[in-house]
Amino acid sequence: MSSATLAARRDRAFGAGAPLFYNAPLHIVRGKGVELFDAEGRRYVDMYNNVPCVGHADPTVVEAMARQQATLNVHSRYLHEGIVAFAERLAALHGPSIESVVFSCSGTEANEVALRMARLATGKTGIVCTNATYHGNSEAVAKLNRIGADRNAAGDVRAIPFPEKLRPLLPGASEEELTEAYLDRLRGAIRSLEEDGTGFAGLIVCSIFANEGLPDVPRGFMPRAAEIVRAAGGLVIADEVQAGYARTGRWWGYEVTGFTPDIVVTGKPMGNGLPLAATAASRSLVEGFRAATRYFNTFASSPLQAAVGMAVLDVIERDGLRENVATVGAFLKSALAERKAHFASIADVRGHGLFIGVEIASTDAARTPDADRAVEVINRLKDKGFLTSNAGAYRNVVKIRPPLVFARHHAEEFLVAFDATMAELDG
């Protein structure tokens, strides 16, 4: 069956409008490690998908999934040692303030639990986020998403400009002055929530500002922001759905940006493809939430989630994937940064570990974001066998986020295709 025929069937079955990547969508039928294969058998190097964090079809995870499903899978209202042990192990990967876990099936669900937890603990409802973030797609969580630089949300949400140095809030300011300017916006958002009677419950951020485009954050912003939030009686929620699970070369993104969260949300990579997410916090926060809501999720806290979740952690630790991420990520980021001198449309290269963004912009003095060219870059890379995407506040950042098993030889292979693509576009 042709891709066009399948796409037409998809539109009828799903309803037209369900998004697809690339100008010519791919029909993927198989994956192994960092490789994906289409219906014609063509190989692609996956440089985008963080869900299969330890690799597509990892045998350890597959075996754990099959074994547990063949043994037992029930809801959480029975005792099961596996899920208890998994919660204990997950909490222990954080600092001592993280003690207990609420499991769910998606980052959206986990972020909604986090918001409810903060609101119940503080007795307030106001949430501060950035103006270019994404935290999920339920009605409550989606209120936070991509509010935009030209407006501040109303009701119980306030948006602040995401902290960055490439297009700073105060051009020409020192880094210290810039940090203070962004912190002033946070103070103002908190004050606005308090003045209108909503009250301030907390700040939610992706720890490395992934959807904002992986900006270089002015020094000291996040630890000082956390201090301001707590001084105002709020809680700090770290959305680690993209930043966590060794993606940066550390277990957690908040270790990179230097703050301690009150609530941590994890998702996508936890199950390597099995729906698994978590909201972790102190025991008092979690028990307050449970007492007020009697939260229950039919498919969460299950023996199957436990077996797969444990297997993913086992592979990360057994195979030294944090170290691999740090080493290969540093090589790839450095190599891409060198390309700035050769290709005029590369305005910046940023990121942490195996999460790298290449900012594509025009060559004018303002380095105006060029989303159209970024789209052209990712489509040409796809045609050469490398799967990336465009993201960021302006949709002009080439987003590179491969499975953690991505090796140096994959990076070297990608750089050949990247150089050819940029040479074609930049002349």
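Shown above is the structure to which this text applies.
Note that the structure is a prediction, hence the values are computed from the model and not measured. (Residues numbered from 1 in each chain as written. Predicted model: local features only at pLDDT ≥ 70, side-chain atom pairs only at ≥ 80, totals over all residues. Heavy atoms only, no water.)

Participant: Honestly, the overall build of the protein chain in this entry has me stumped. Any pointers?
Facilitator: Of regular secondary structure, the protein chain possesses 13 helices and 15 strands. Here the protein chain has a C-alpha radius of gyration of 22 Å; the compact-globule value for 427 residues is 22 Å, and the two agree. Out of the 427 residues belonging to the protein chain, those deemed buried represent 52%. Taking as baseline every contact in the protein chain between residues at least 6 positions apart, the subset at least 24 positions apart corresponds to 73%. When the accessible surface of the protein chain is summed, it comes to about 18,000 Å², and 52% of that surface belongs to carbon and sulfur atoms. In the protein chain, 46 positive and 49 negative side-chain charges are present, and the distance between their average locations comes to 3 Å. (Helix = DSSP H or I, 4+ residues; strand = E, 2+ residues; numbered from the N terminus. Rg over C-alpha atoms; globule rule 2.2 N^0.38 Å. Buried < 20%, exposed > 50% of the residue type's maximum accessible area, 1.4 Å probe, protein only. Contact = heavy atoms within 4.5 Å. Areas by Shrake-Rupley, 256 points an atom, 1.4 Å probe, with all protein chains shown as cover. Lys, Arg positive; Asp, Glu negative; His and termini not counted. Charge placed at Lys NZ, Arg CZ, Asp CG, Glu CD.)

Participant: Even after reading the chapter, I still don't get the sheet that holds strand β9 (residues 263-266), so can you show me in this structure?
Facilitator: Through backbone hydrogen bonds, the strands of a sheet pair up, either in parallel or in antiparallel fashion. Here we have seven strands laid out as an open sheet, ordered β4-β10-β9-β8-β7-β5-β6, and mixed in their pairing. In this open sheet, the two edge strands, each paired with only one partner strand, are β4 (100-104) and β6 (157-160). Direction aside, neighbouring strands of the sheet carry axes that sit 20 degrees apart on average. For β4 and strand β10 (residues 277-281), the ladder comprises five bridges, and the chain directions are antiparallel. Looking at β10, one finds that F103 is bridged to A278. Its contacts with the sheet put helix α9 (residues 283-293) on β4, β8 (235-239), β9 and β10, and the angle it makes with β4 is roughly 45 degrees. (Pairing = 2+ DSSP bridges. Axes fitted to C-alpha atoms, helices over the stretch in contact; angles between N-to-C directions.)

Participant: I keep staring at the packing of aromatic side chains and nothing clicks. Help me out?
Facilitator: Remark: the centre distance and the inter-plane angle together describe each pair of aromatic rings, the angle taken between the planes. Under the defined criterion, the tally for this structure stands at 12 aromatic pairs. The interplanar angle of 10 degrees and the centroid separation of 5.3 Å between the aromatic rings of F86 and F103 together place this pair among those described as stacked. Residue F86 is found in helix α3 (residues 81-92), and its partner F103 is found in strand β4; the two are separated by 17 residues along the sequence. For F86, a relative accessible area of 0% translates into the label buried. An angle of 85 degrees between the planes, with centres 6.4 Å apart, marks the rings of Y182 and F221 as edge-to-face. Of this pair, Y182 sits in helix α6 (residues 175-195) while F221 sits in helix α7 (residues 221-231), placing them 39 residues apart in sequence. (Phe/Tyr/Trp six-rings, centres within 6.5 Å; stacked < 30°, edge-to-face > 60°.)

Participant: How should I be thinking about the state of the cysteines in this particular structure?
Facilitator: A disulfide bridge is the covalent bond that connects two cysteines by way of their sulfur atoms. If you walk through the whole model with that rule in mind, you get zero disulfides. With no disulfide of its own, C105 lies 17 Å from the sulfur of C53, the closest cysteine sulfur. Of all cysteine sulfurs, the one in C129 lies closest to C206, which takes part in no disulfide; the gap is 13 Å. (Disulfide = S-S within 2.5 Å.)

Participant: Help me out: how do you make sense of helix α11 (residues 321-338) in this one?
Facilitator: Side chains of residues three or four places apart in an α-helix project in the same direction, reflecting 3.6 residues per turn. Taking 1.5 Å per residue, 18 residues should reach 26 Å; α11 reaches 25 Å between its end C-alpha atoms and fits that length. Looking at α11, one finds that the buried residues are L321, V325, V328, G329, L332, A335 and L336. The arc that holds every buried residue of α11, seen down its axis, measures 135 degrees, which confines them to one face. Facing away from the buried side of α11, by more than 90 degrees, are the exposed residues T327 and E338. (Expected span 1.5 Å × (residues − 1). Arc of directions from axis to C-beta.)

Participant: Mind showing me how you'd approach the environment of M117 here?
Facilitator: Position of M117 among the secondary structure elements: in helix α4 (residues 107-122). Since its relative accessible area comes to 1%, M117 is described here as buried. A C-alpha to C-alpha distance of 5.4 Å links M117 and F289, two positions 172 residues apart in sequence. Excluding residues within four positions of it along the chain, M117 makes contact with V102, I263, T279, A281, L285, V286 and F289.

Participant: Help me out: how do you make sense of the environment of G197 in this one?
Facilitator: Here G197 lies in the loop between α6 and β7 (200-206). A residue is classified by how much of its surface remains accessible, and G197, at 64% relative accessible area, is exposed. Put simply, G197 and R322 are 125 residues apart on the chain and 45 Å apart in space, counted from C-alpha to C-alpha.

Participant: Just to check I follow, could you spell out the nonpolar core for this structure?
Facilitator: Across soluble globular proteins, nonpolar side chains have a tendency to be buried as a group. Ranked by size, the top nonpolar core spans 91 residues in total, and within it F103, Y245, I316, L332, L336 and F414 carry the most contacts. The biggest single contributor to this core is helix α10 (residues 303-318), with eight residues. Ignoring any residue separated from it by four or fewer positions in sequence, one finds L332 in contact with M47, I356, I400, F406, A411, F414 and L415. Counting 26 residues, the second largest nonpolar core, distinct from the first, contains I127, V141, I147 and L235. (Core = buried A, V, L, I, M, F, W, Y, C linked by side-chain atoms within 4.5 Å.)

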